[in-house]
Amino acid sequence: MTRDLDTTGDTTASVTTPTTPRGLRGRWGRLTLVAAVAGPGLVAANAGNDAAGIATYASAGSQYTYGTLFFMVLVTVALVMVQEMAVRLGAYTGKGLGALIREQFSLRLTALALGCLLLANTGLVVSEFAGIGAAFELLGVPKWAVIPPAALLLWSLVLFGSYRYAERIFLLMSLVFFAYPIAMILGHPHWGQVGAHLVIPHFEPSKAFILLGVALIGTTVSPYMQFYAAAGVVDRGAKPGDYRLIRADAILGAVFACVISLTIIIATAAAIGGTGPLESAAQAASALKPVAGQDAELLFAVGLIGASALAGAVVPLSASYAIGEAAGVERSVSRSFRDAPLFLGLFTAQIVLGAAVAMTPVDVIQLLIGTQVLQGLISPIVLVYLLILTNRRSLLGNAANTPRYRIAATTVVVGVGGMSTILLVQTILSWFGLG
């Protein structure tokens with residue numbers, strides 16, 4: 001027996017765990033059930049593979065060939081744990097991360113968390129529309145002719161469509177990422193080196209390597225993903241009984257997103273590895289030549305449009321969810337503007353601001369990577385809140401982190417924080433000519 005997800009925003013909505021028909025039991029049955037509930041976790045994780053993410057992963061391949069692969073394996077483990085904690089909070093408390101921070105922490109600490117999120121998201125929303133503009137410029141269309149219509153389209157999709165409808169559109173957009181695994185295979189990378197770098201740690205004490213490492217963390221474990229994942233679970237009306245499938249969605253989404261990230265690095269390394277930092281969208285497109293030949297720029301442009309559009313809606317929604325939760329007002333994409341003015345007003349303001357700034361002359365690649373560095377610097381702060389909340393038995397009861405999980409999650413937070421701290425120290429020292 002299966003009950004449909006209620007997407008009207010009713011607080012009485014519930015979802016029971018589907019019963020597997022006899023013919024679907026076993027491996028295929030489990031995959032079918034996971035596909036049936038794929039939602040917030042998958043959307044949130046794959047939104048990280050946006051224009052800025054693609055630029056960061058491609059730059060990793062062009063600068064260090066396969067040197068960042070082991071680091072990305074560690075980041076994958078971190079993302080799985082972080083996404084799981086976020087959706088567990090949403091499923092067991094029925095509240096988003098913004099609401100829980102407001103209830104469990106002081107006003108100042110709540111303001112700190114939301115301020116960090118807004119700071120990180122502001123640059124990120126701009127980068128999404130810059131990515132859309134860069135994609136169309138590869139096709140010979142000026143960005144001023146496409147960014148305003150793109151902004152209007154995304155705004156309309158969220159404002160006038162139901163949550164289920166919008167969510168499925170986002171998932172469909174993520175299908176463009178499948179071009180990269182194909183490009184990786186057809187690019188004939190040095191598989192021996194790929195395998196070695198996947199299991200053997202590689203680290204360079206240079207500021208450039210650490211800067212890129214922080215950017216990789218920022219684009220993979222972005223703060224907005226946690227807010228969106230938890231809020232999305234709540235918006236679907238999910239309950240504790242749905243946790244097993246919600247957890248599967250979160251883990252599947254995180255692993256899928258990171259596998260795609262790895263293929264972007266490997267495909268770019270095989271094409272232009274060792275050439276130095278990425279300098280243009282056209283240069284990044286060369287990684288897709290094994291798939292599309294002379295149409296590589298066209299394929300890359302299509303992927304960049306889809307990636308940017310996916311995150312162009314998810315990123316501002318995450319901030320709107322967080323602020324709406326903290327303010328205790330209505331927040332759901334299934335509500336009208338009249339019912340949720342603050343939530344949808346914030347979403348609208350971010351779309352307008354992002355599109356407007358993206359229309360100005362900017363160095364797109366530097367903007368895309370720079371926003372991920374900012375995300376990486378802010379991620380540890382948000383992860384501390386997430387860790388403290390999931391550790392509290394008073395909040396989650398038996399669903400709180402076990403002692404082993406707590407140690408593992410703490411290690412992740414300390415590791416992410418350590419990378420950010422090293423980068424900050426190096427940056428400050430460089431100001432005084434000591435870096």
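Structural notes, computed from the coordinates. (Residues numbered from 1 in each chain as written. Predicted model: local features only at pLDDT ≥ 70, side-chain atom pairs only at ≥ 80, totals over all residues. Heavy atoms only, no water.)

### Structural notes on the pattern of salt bridges
Note the threshold: Salt bridges are defined as contacts in which a side-chain nitrogen from Lys or Arg sits within 4 Å of a carboxyl oxygen from Asp or Glu. Remark: exposure states derive from per-residue accessible area (1.4 Å probe, protein chains only) relative to the maximum for the residue type, with buried under 20%, exposed over 50%, and partly exposed in between.
Within this structure, the stated rule accounts for 3 salt bridges. The closest approach of N and O atoms between E103 and K95, which form a salt bridge, is 2.9 Å. On the accessibility criterion, K95 (30% relative accessible area) is partly exposed. A salt bridge links E103 to R102; the nearest nitrogen and oxygen atoms lie 3.4 Å apart. Classification of E103 as partly exposed rests on a relative accessible area of 37%. One salt-bridge network, held together by shared partners, links K95, R102 and E103.

### Description of helix α18 (residues 364-391)
Applied cut-off: Every helix listed is a DSSP run of H or I at least four residues long, and every strand listed is a run of E at least two residues long, numbered separately from the N terminus. Helix span, expected: 1.5 Å multiplied by one less than the number of residues in the helix. The bend at a residue is defined as the angle formed between two axes, one fitted to the seven residues ending at that residue and one fitted to the seven starting there.
Given a rise of 1.5 Å per residue, 28 residues ought to cover 40 Å, and the 40 Å separating the end C-alpha atoms of α18 matches this to within 8%. Most pronounced at I378, the bend in α18 amounts to some 35°, and the proline P380 follows within four residues. The buried fraction of α18 is high, at 20 of 28 residues.

### Here's the deal with the environment of A326
The criterion, for reference: Residue contacts are defined here by distance: any two heavy atoms, one from each residue, within 4.5 Å place the two residues in contact.
Examined against the element boundaries, A326 turns out to sit in helix α16 (residues 296-327). A326 sits in the buried class, given a relative accessible area of 16%. In this structure, the C-alpha to C-alpha distance between A326 and A99, residues 227 residues apart in sequence, is 4.8 Å. Every residue in contact with A326, bar those within four places of it in the chain, is listed here: G98, A99, R102, T110 and L114.

### Regarding the nonpolar core
Filter applied, for reference: Throughout this description, the term nonpolar core refers to a set of buried Ala, Val, Leu, Ile, Met, Phe, Trp, Tyr and Cys residues connected via side-chain atoms within 4.5 Å.
Formed by 134 residues in total, the largest nonpolar core has its most connected members in F129 and F300. Of the residues forming this core, the biggest block, 17 residues, is contributed by α16. Once you skip the residues sitting within four places of it in the chain, F300 turns out to touch I54, L138, Y180, A281, A284, A285 and L288.

### Describing unusual backbone geometry
Even without glycine at this site, T65 takes up a positive phi of about 45°. Relative to the helices and strands, T65 is located in the loop between α3 (51-64) and α4 (69-93). At H188, a residue that is not glycine, the phi angle is positive and equals roughly 50°. By the secondary structure assignment, H188 is in the loop between α9 (179-186) and α10 (191-199).

### With respect to the packing of aromatic side chains
Centre-to-centre distance and the angle between the planes together describe a pair of aromatic rings. Let me state the cut-off plainly: Ring pairs shown here join Phe, Tyr and Trp side chains whose ring centres sit within 6.5 Å, with only the six-membered ring taken for Trp; geometry is labelled stacked below 30 degrees between planes, edge-to-face above 60, and tilted in between.
Counting across every chain of the model gives 4 aromatic pairs. Here the aromatic rings of Y64 and F209 are separated by 5.1 Å at their centres, their planes lie at 80°, and the arrangement is edge-to-face. Here F209 lies in helix α11 (residues 207-220) and Y64 lies in helix α3, a separation of 145 residues in the sequence. Accessibility assignment for this pair places Y64 and F209 in one class, buried.

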